[in-house]
Amino acid sequence: MQQFVSVVTLGVADLVRARRFYEALGWQSACPADSDVVFFQCGGSVLSLWSRESLAQDSGVALAGGFGGVTLAHNVASPAEVDAVIAEASGAGATVTREPAETFWGGYSGVFLDPDGHPWEVAHNPHWSLRPDGAVSLQG
């Protein structure tokens, strides 16, 4: 298996609400409004939204509530950008669970939950390189 992630699918309770939230953050999808799944191109990968029930059934797992043990991350070029993205997400309806602040690892980050409770960390990591297209390199 090659070392890359092609698609991350988030199980959502209300597809219309979830799509509206991500579009309020400026994301764009070419999927029709009545689509059963929504795809967002994210650089070289895709973020998709699909009903939690359908995703659980398709994945062969039992549908359970609570934290699923996964946090998504969005890296930016500066602490000021962290503040701006967290404010933008809050304005779009996100719940901020950790206000932006300096981190124990020498960076700066904050966390918000999307309307379905998926955590997103918005981070500035001075130890990594961030290319103009948003791609992250672990080499500083």
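It should be emphasised that the depicted structure is a prediction, and the values quoted were computed from it without experimental measurement.

Conventions adopted
Residues numbered from 1 in each chain as written. Predicted model: local features only at pLDDT ≥ 70, side-chain atom pairs only at ≥ 80, totals over all residues. Heavy atoms only, no water. Pairing = 2+ DSSP bridges. Helix = DSSP H or I, 4+ residues; strand = E, 2+ residues; numbered from the N terminus. Axes fitted to C-alpha atoms, helices over the stretch in contact; angles between N-to-C directions. Contact = heavy atoms within 4.5 Å. 1 Å grid on protein atoms, 1.4 Å probe; cavity = no way out; pocket = protein on both sides within 12 Å on 5 of 7 lines; lining within 4 Å. Points joined across faces, edges and corners; volume = space filled by probe spheres on them. Nonpolar A, V, L, I, M, F, W, Y, C, P; charged D, E, K, R; others polar. Buried < 20%, exposed > 50% of the residue type's maximum accessible area, 1.4 Å probe, protein only.

Asker: Mind showing me how you'd approach the sheet that holds strand β7 (residues 119-124) here?
Answerer: Where strands meet in a sheet, backbone hydrogen bonds hold them as pairs that are either parallel or antiparallel. Spatially, four strands are ordered β4-β7-β6-β5 in an open sheet, and the strand pairing comes out mixed. Edge positions in the sheet fall to β4 (72-75) and β5 (95-102), since each has one partner strand and no second. Looking at each pair of strands side by side, their axes are set apart by 15 degrees on average, direction ignored. Here β4 pairs with β7 via four bridges, running parallel. If you follow H74 over to β7, its bridge partner there is V122. Contacting β4, β5, β6 (108-113) and β7, helix α3 (residues 79-91) crosses the sheet at an angle of about 10 degrees to β6.

Asker: Would you explain the layout of surface pockets in this entry?
Answerer: By volume, the largest pocket is sized at about 970 Å³. Taken together, 30 residues form the lining of the largest pocket, with C42, S45, A73, H74 and G134 sitting closest to its centre. For the lining of the largest pocket, the elements supplying multiple residues, two or more each, are β3 (45-51), β4 and β7. Among the elements that line the lining of the largest pocket, the one with the most residues is β4, at four residues. Looking at the lining of the largest pocket residue by residue, the class counts come to 18 nonpolar, eight polar and four charged. Every residue lining the second largest pocket is counted, 23 residues in all, and those nearest its centre are G11, R52, G66, G68 and H118. Those elements that provide at least two residues to the lining of the second largest pocket are β1 (7-12) and α2 (52-59). When grouped by side-chain class, the residues that make up the lining of the second largest pocket number 12 nonpolar, nine polar and two charged.

Asker: What am I meant to see in the pairing of β6 here?
Answerer: Most of β6 sits inside the fold, with five of its six residues counted as buried. Bridge count between β5 and β6: five bridges; the pairing is antiparallel. Within β6, the residue paired with R98 across the bridge is V111. The antiparallel pairing of β5 with β6 creates a hairpin that spans five residues between the two strands, and G106 there sits at a positive phi of about 95 degrees. Examined bridge by bridge, β6 and β7 share six bridges and lie antiparallel to one another. Residue Y108 lies in a different strand from β7, and its bridge partner there is H124. Hairpin connection between β6 and β7: a loop of five residues separates the two successive antiparallel strands, and G117 in this loop has a positive phi of roughly 85 degrees.

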